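Listed below are the residues making up each chain.
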Amino acid sequence: MKNKIRKSAAWLMLGIMLSAIVCTPVYAKTIDRVETPDYTVAFYAFDCYHMQDENGNKTGYGYEMMQGLSKYLQCTFSYTGYDKTAAECIDMLRNGEIDIYTAAKWTEERAEEFVYSKHPAITATTCMNIKVGNNKVIAGDYSTYDGLRIGLLERHTYNDRFLAFVKEKGFSCDIQYYDTPTELSAALISGEVDALVDSYIGVPEDEQIIENFGQTPYYIIARKEDQALITELDEAFDQMNLETPNWRTELYNKYYGSQSKSTELTGEERALLKQMKENNVVVRGVMNPDANPYSWYEDGEAYGISADLFRATAAEIGLSCEIMPVSTREEYEQVLKEGNADIWIDMDDAFEGSDGARYKQTGSYLTTTVSVLRNRGASEKIRRLAVVDGNISLKKTLSAVWPEVEILELNDNAQCVEAIISGEADGALMPSYTAQKLARDDLQNRLRVDIVPGVVISIGMGVNASDSYLFYGIWEKTLENVAERMGTEVVQSYLEETATPTALQYLFDHPVSLVMIAGGLILVVFLLLLYLQMTRSRNRQREISDELAVALGEAKEANESKQNFFSKMSHDIRTPLNVVLGMTQIAQKYKYDVPRLERALDSITTEGNYLLVLINSILDVNQLEHGYIELVKEPFNPAECVKNSVEILKPLAEKKDQQITVTCDREDCVVIGDANRYSQIMINIISNAIKYTGTGGHIDVALQCLPEGHYRFTCRDDGIGMTEEFIQHICEEYTRAEDSRISKTQGTGLGMSVVKGLTDLMQGTLQIESKLDEGTMFSVEIPFPDATQEQRMAVLAPGKDEENGVSEFSGKKVLLVEDNSLNAEIATELLQSIGLTVDWAENGEVGVNRYNESRPGEYFAIFMDMQMPVMDGLEATRVIRRSDRSDRDIPIFAMTANTFASDRKSCRDVGMNGYISKPINVKDIEMTLKDGVSA
């Protein structure tokens, strides 16, 4: 019996416990609050960077930049100092009155006192400007600068450098100083000065730049103890650069003159969202109860455009949501003030930071016009306007549009309507959709709606500043997607709902059939235009998607081409380099075995020359692509050029027992052109014929003189030939036929690309005929102008001095200026081999000193490297040419590894007589000496 009682009691207790568990209410977890500091930012008046209108609305590059950064930080920003100068704001930062200064130039003194961001906030350009239309001053012509009246700022950091610039360029001017940039610009416009020097973020349209002195970055700074804040700002810069990479361009174009930002969630945002879903977080929002059709409550349930978009955003994110019920505007503002809501559903710019409510505003999801609700038949003059108490944005509109009108502040829209009907007010200012709704609801049709031209209100949502900034990013991005996708549909649904008239309204409107038909037609046209606009927008989006797909494909192809380039270059450079290094070791090992030593040195020379050909081909391809190659125009004999080209390549043909025949229909023709580049074309074609023709093969080379100064070079072989498909690609870089017979044939795949580029540059044509296993014929036809009779005689009958070679230079003394000791040793040996005595100087400064210490005429010539420490070759040449010595016109020859056309031009511009590119050889030295000295 006792056991039964015990069992019954146990079951009873278990039932009570289960009931307690089941009946215990379950509460959803709310969003966690995070401590959120507010930092004060310097906001001194600066055109386009910090601006504030008479109503206190802030704009500008700096303001929008900081607002953008705040979206990635767990903090808010307040702005102060619009009545201060920049220097006063620096003092405020120093004294702890503000926390951040957003546009500071880096100086050593300031860096000792403050900590700088690693990212610049903005960059300014320092330049010298004249007024647009001033044609007397020519940029770069310093003679036109003489006598100018030039304005400078009294405390500009660039003043000393500008005065040094004036001295360096050798012009005189009258310097006038001004206290402010405004005074300086006004002086230029009024003609008080002819030019000015200042730093600009955006150059004024009425000014023209004639000298650009470079750019200066400006950074965010804080006190040393706020290093953590600067680190967070730098991290925010990184995130903003990642998600909106063009934000600087957008802000610059907006304020000193767009791409959309990414709405994809970051990894951190996705992680937070996952955690919120697991915790069953409910997002709580609050909205204005008296703004139908934007937002209102009915029987405790929230309705309106804003409410629908809030719910759709929460559903898109995947979180539960709740709109907190409020019945009056006072309750609504109290919820915001206490920070009990996560989302301020209908926030606009004017409310930001007011009454202690701290919310970060998202982008706008709705832009609406503002209207005046009035009595039908009321006079046009407005003396008194009603507005709902607390609506700051509408009050600002009143002060801007009707500064003299008396404002009547009422509790809600219903009181505003009563004041209009009773005559207490001439009208009420409110958002247009609300005004239209109230006018339609008036069954006696006593009200009309007048839209205020040019005034709009942008409505967004505010995210509680104490919520995680990652949640802000989640909500803002999702809201943007939702508003773009369904915003128009939601707005239209409420407009259609409020636009449906009642029968009584129909009677009060005194309708006519024609008016109804006209209204219907207008509606149809409107919907048709809306449809066409939407269709056009969709088509444009499709076109953009297609363009992006093409761009992505091109980027992938470019990446693959780059990878193929480095792969081929790695192979083509390492192969001969392996021979050079390997044969060097063999030469060192067998230095007393003369035959093996000679074979090793021959191999090193051959592969070294191949490396030179490879490098030259790469440089030629690059210069041809960018149009940097300049053709020499000198008289030469094309027939002699063909024979010399064949002569150079004969040893290669003899190794394969090949027969090369050369025929020229005229031996005495002399033309004007670039013999070296013409020879380069022929050598590339003939060397290909030798490579791809088997042992014992035949190669026929011919030159024909055609009418109208055209010359046709042909090279025919009986080699392996090519397919038609490969001929279409032979002139592309790194192109070689897929053929096992040539897999071991050395080649860069660049030769024919160079041939095609040089032929086009000479305005010639290239033709290729080939059959697989039968052979190939290349034909290059180039027009050359004829030489004069004097030039013909000089080429066909050279003087005795050329026949005697360089012996006339024996025993003469030259100065070699070269910083690399090994290169100096090589050059000295080669110069001595042709009978010259050599003095060596290790840099340009030493070379100039040696020249100044020598007797006039002691040095026969100077060989000058371009890139050297202390003083480079160009500057050394300038110093020598500007000296007052009688032999300052001594022949100076560049001996350098800088081989681009721009380098040759630089040498000519400073007064050099010739140019020898490294690696150097005796033949080049002899030719340059003869040409340079005789000139």
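All values derive from a computational prediction rather than experimental measurement.

## A look at the overall build of the protein
Summing up its helical and strand segments, the protein has 29 helices and 34 strands in all. Looking at the protein as a whole, 43% of its 935 residues qualify as buried. When the accessible surface of the protein is summed, it comes to about 50,500 Å², and 52% of that surface belongs to carbon and sulfur atoms.

## Observations concerning the environment of Ile-138
Residue placement: Ile-138 occurs in the loop between strand E6 (114-131) and strand E7 (148-153). Note: C-alpha distance between Ile-138 and Ile-210 (72 residues apart in sequence) is 7.4 Å. Ile-138 has contacts with Thr-144 and Tyr-145, leaving out every residue within four places of it along the chain.

## A few points about the pairing of E6
Summarising burial for E6: 14 of the 18 residues are buried, a large majority. As judged from the 13 bridges shared by E6 and strand E10 (residues 207-223), these two strands associate in the antiparallel manner. What sits directly across from Ala-124, in E10, is Thr-216. When E6 meets strand E9 (residues 195-200), the two strands line up antiparallel, connected through six bridges. Along E9, the bridge assignment pairs Cys-127 with Asp-198.

## Some words on helix H13 (residues 413-422)
Within H13, the full set of buried residues consists of Asn-413, Cys-416, Val-417, Ala-419 and Ile-420. Along the axis of H13, the buried positions cluster into a sector of 160°, meaning they face one direction only. For H13, exposure combined with an orientation more than 90 degrees from the buried face picks out Glu-418 and Ser-422.

## Details of the packing of helix H26 (residues 844-853) against helix H27 (residues 873-882)
Describing two packed helices takes the angle between their axes plus the distance from one axis to the other. Here H26 crosses H27 at 20°, and the two axes come no closer than 9 Å. Classified by the angle between their axes, H26 and H27 sit roughly parallel to one another. For the pair H26 and H27, the crossing hand works out as right-handed. For the pair H26 and H27, the contacting residues are Gly-844, Val-848 and Tyr-851 in the first and Ala-876, Val-879 and Ile-880 in the second.

## Considering helix H25 (residues 821-833)
The end-to-end C-alpha distance of H25 is 18 Å, a good match for the 18 Å that 13 residues give at a rise of 1.5 Å each. Capping the start of H25 is the job of one residue whose side-chain oxygen sits 3.0 Å from the backbone nitrogen of Leu-822: Asn-820. Looking one or two residues past H25, Gly-835 carries a phi angle of roughly 90°, positive in sign.

## Some details on the packing of helix H2 (residues 61-70) against helix H8 (residues 247-256)
Where H2 meets H8, the axes come as close as 10 Å, and the angle between the chain directions of the two elements is 150°. Taken together, the axes of H2 and H8 lie roughly antiparallel to each other. In the crossing of H2 with H8, the sense of the turn from one axis to the other is right-handed. Residue-level inspection shows Tyr-61, Glu-64 and Met-65 of H2 in contact with H8, the latter providing Trp-247, Arg-248, Leu-251, Tyr-252, Lys-254, Tyr-255 and Tyr-256. The class makeup of the residues in the contact of H2 with H8 is seven nonpolar, no polar and three charged.

## Quick notes on the confidence of the model for the protein
Averaged over every residue, the pLDDT of the protein is 82; the share at 70 or more is 84%. Scored below 50 in pLDDT, residues 504-508 makes eleven contacts in the model with residues more than four places away or belonging to other chains. Overall, residues 800-806 carries pLDDT values under 50, and its contacts beyond four positions in sequence, including any with other chains, amount to six contacts.

## Let's talk about empty space enclosed by the protein
The volume enclosed by the largest cavity comes to roughly 310 Å³. Looking at the largest cavity, it is lined by 23 residues, and the ones nearest its centre are Asn-288, Ala-291, Asp-346, Asn-391 and Pro-431. Residue assignment for the lining of the largest cavity shows that the elements contributing at least two residues are strand E12 (290-291), helix H11 (329-338), strand E16 (343-348), helix H12 (392-401), strand E21 (427-431) and strand E22 (447-464). When residues in the lining of the largest cavity are grouped by element, the largest group, three residues, is from E16. In terms of residue class, the lining of the largest cavity is built from eleven nonpolar, eight polar and four charged.

## As for the side chain of Thr-313
With respect to the secondary-structure elements, Thr-313 resides in helix H10 (residues 305-317). What makes Thr-313 buried here is its relative accessible area of 0%. Not counting the four nearest positions on each side in its chain, Thr-313 is found in contact with Trp-475, Thr-478, Leu-479 and Val-482.

## So, the pattern of salt bridges
This structure, assessed with the given rule, holds 35 salt bridges. Notably, a salt bridge pairs Glu-113 with Arg-94, separated by 2.3 Å at the nearest N-O pair. Taken together, the positions of Glu-113 in helix H4 (residues 108-113) and Arg-94 in helix H3 (residues 86-94) put the pair 19 residues apart, joining distant regions of the chain. Within this structure, Arg-33, Arg-284, Asp-342 and Asp-467 form a network of salt bridges that share partners.

## Details of the sheet that holds strand E33 (residues 892-896)
Hydrogen bonds along the backbone pair up the strands of a sheet, which may run parallel or antiparallel. In spatial order, the strands read E31-E30-E32-E33-E34; together these five strands make up an open sheet with parallel pairing. Across the chains shown, the open sheet's two edge strands, defined by having one partner strand only, are strand E31 (837-841) and strand E34 (914-917). Taking the axes of each pair of neighbouring strands and ignoring which way they run, one obtains an average angle of 20° across the sheet. With four bridges joining them, E33 and E34 adopt parallel strand pairing. Residue Ala-894 lies in a different strand from E34, and its bridge partner there is Tyr-915. Relative to the sheet, H27 contacts strand E32 (861-864) and E33, its axis offset from that of E32 by approximately 155°.

## Quick look at the sheet that holds strand E14 (residues 301-303)
Taken together, the three strands give an open sheet; going across it, the order is E12-E13-E14, and neighbouring strands pair in antiparallel fashion. The open sheet has two free edges, formed respectively by E12 and E14, since each of these has just one partner strand. As paired strands, strand E13 (residues 295-298) and E14 are joined by three bridges and run antiparallel to one another. Considered in E14, the bridge of Glu-298 is made with Glu-301.

## Points about the pairing of strand E29 (residues 775-783)
Burial within E29 is extensive, with seven of its nine residues counted as buried. Here eight bridges tie strand E27 (residues 710-717) to E29, and the two strands are oriented antiparallel to one another. Across the sheet, residue Cys-715 finds its bridge partner in E29, namely Phe-778. As defined by bridge partners, strand E28 (residues 765-771) adjoins E29 across seven bridges and the pair is classed as antiparallel. Its bridge partner being in E29, Ser-770 is matched across the sheet by Thr-776.

## Some details on the packing of aromatic side chains
Following the criterion strictly, the structure yields 27 aromatic pairs and no others. Ring centres of Phe-471 and Trp-475 lie 6.1 Å apart, and the angle between their planes is 45°; this geometry places the pair in the tilted category. Note that Phe-471 and Trp-475 are positioned in helix H15 (residues 469-499) at a spacing of four residues, about one turn of the helix. In this structure, Phe-471 and Trp-475 share a single accessibility class: buried. A network of ring pairs unites the aromatic residues Tyr-142, Tyr-145, Phe-162, Phe-165, Phe-171 and Phe-213 as a single cluster. Over the aromatic face of Phe-43 sits the side chain of Lys-58, whose NZ or CZ is 5.8 Å from the ring centroid. Above the ring of Tyr-851, the side-chain terminus of Arg-885 is found at 4.3 Å from the ring centroid.

## What about the nonpolar core?
One recurring pattern in soluble globular proteins: nonpolar side chains tend to sit buried together. Among the nonpolar cores identified, the biggest contains 62 residues, and Ile-343, Tyr-365, Met-461, Phe-471 and Trp-475 are the most heavily contacted of them. Counting residues per element, this core draws most heavily on H15, at twelve residues. Apart from the residues within four sequence positions on either side, Trp-475 is in contact with Val-283, Phe-310, Thr-313, Ala-314, Ile-317, Ile-343, Thr-362, Met-461 and Val-463.

Calculation notes
Residues numbered from 1 in each chain as written. Predicted model: local features only at pLDDT ≥ 70, side-chain atom pairs only at ≥ 80, totals over all residues. Heavy atoms only, no water. Helix = DSSP H or I, 4+ residues; strand = E, 2+ residues; numbered from the N terminus. Buried < 20%, exposed > 50% of the residue type's maximum accessible area, 1.4 Å probe, protein only. Areas by Shrake-Rupley, 256 points an atom, 1.4 Å probe, with all protein chains shown as cover. Contact = heavy atoms within 4.5 Å. Pairing = 2+ DSSP bridges. Arc of directions from axis to C-beta. Axes fitted to C-alpha atoms, helices over the stretch in contact; angles between N-to-C directions. Parallel < 35°, antiparallel > 145°, perpendicular 65-115°, else oblique. Left-handed = near helix turned anticlockwise from the far one by under 90°. Expected span 1.5 Å × (residues − 1). Polar contact = N/O pair within 3.5 Å; in protein donor to acceptor, adjacent residues only side chain to side chain. Nonpolar A, V, L, I, M, F, W, Y, C, P; charged D, E, K, R; others polar. pLDDT = per-residue confidence, 0-100. 1 Å grid on protein atoms, 1.4 Å probe; cavity = no way out; pocket = protein on both sides within 12 Å on 5 of 7 lines; lining within 4 Å. Points joined across faces, edges and corners; volume = space filled by probe spheres on them. Salt bridge = Lys/Arg side-chain N within 4 Å of Asp/Glu carboxyl O. Phe/Tyr/Trp six-rings, centres within 6.5 Å; stacked < 30°, edge-to-face > 60°. Lys NZ or Arg CZ within 6 Å of the ring centre and 35° of its normal. Core = buried A, V, L, I, M, F, W, Y, C linked by side-chain atoms within 4.5 Å.

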